[in-house]
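Secondary and tertiary structure notes
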Amino acid sequence: MLRRLHAEEAGQSAVLILGLLLVVLLLVAVMAGATAVNLEARKLLSAADGAASAAAQAAEQGVSSPTPKVSGAQVRAQAENYLAASGAHGQFGSLAVSRAWVSDAGETAHVELAAVVDLPMVSTILPAQVSISVESHARVSLNR
């Protein structure tokens with residue numbers, strides 16, 4: 001009786017081990033994907049900071065106000081110029097300036113960038129991509 005019971009259970013531990021191995025591999029893939037998305041978002045935020053800073057530095061002093069001002073069109077143009085000059089388009093997939101605007105009567109330049117990140121491990125099997133977007137702003141300053 002004991003031999004028959006042992007024979008019925010033969011091979012079931014292998015199925016359990018394979019199942020647990022699959023769960024561990026899925027967890028590793030999820031953690032690697034989350035880490036990759038986080039790192040790419042931080043890199044994209046750095047590019048957005050540079051683009052917003054470049055837009056704020058391009059502010060022009062108007063005749064009606066002694067404080068330099070920047071327009072929404074200037075912000076977008078300067079952000080796109082910065083991204084082209086820094087080579088950011090080669091670092092990110094589908095990089096674009098999704099929004100560019102000003103606030104505080106033209107004293108603050110806002111830039112929102114969007115890109116696509118390929119997930120590691122999964123993208124070799126499936127076309128897995130995650131869209132990310134970041135926003136940065138820079139204030140126009142007048143140093144005397």
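Residues numbered from 1 in each chain as written. Predicted model: local features only at pLDDT ≥ 70, side-chain atom pairs only at ≥ 80, totals over all residues. Heavy atoms only, no water.

On to the confidence of the model for the protein. The pLDDT averaged across the protein works out to 84; a share of 81% of its residues lies at or above 70. When mean pLDDT is taken per element in the protein, strand β4 (residues 108-118) scores highest with 93 and helix α1 (residues 2-8) scores lowest with 62. (pLDDT = per-residue confidence, 0-100. Helix = DSSP H or I, 4+ residues; strand = E, 2+ residues; numbered from the N terminus.)

The subject of this paragraph is the pattern of salt bridges. Inspection of every chain in the model, using the stated rule, returns five salt bridges. When the shortest N-O distance is used, the salt bridge between E80 and R76 registers 3.7 Å. In this pair, E80 and R76 are both assigned in helix α3 (residues 72-86), four residues apart and thus about one turn of the helix distant. Residue classification places E80 among the partly exposed positions, given a relative accessible area of 38%. For the salt bridge of D104 with R139, the shortest nitrogen-to-oxygen distance reads 2.7 Å. (Salt bridge = Lys/Arg side-chain N within 4 Å of Asp/Glu carboxyl O. Buried < 20%, exposed > 50% of the residue type's maximum accessible area, 1.4 Å probe, protein only.)

Mapped onto the elements, A79 comes out in helix α3. As a C-alpha pair, A79 and A100 span 21 residues in sequence and 8.2 Å in three-dimensional space. The contact partners of A79, leaving out residues within four places of it in the chain, are A51, V97 and V111. (Contact = heavy atoms within 4.5 Å.)

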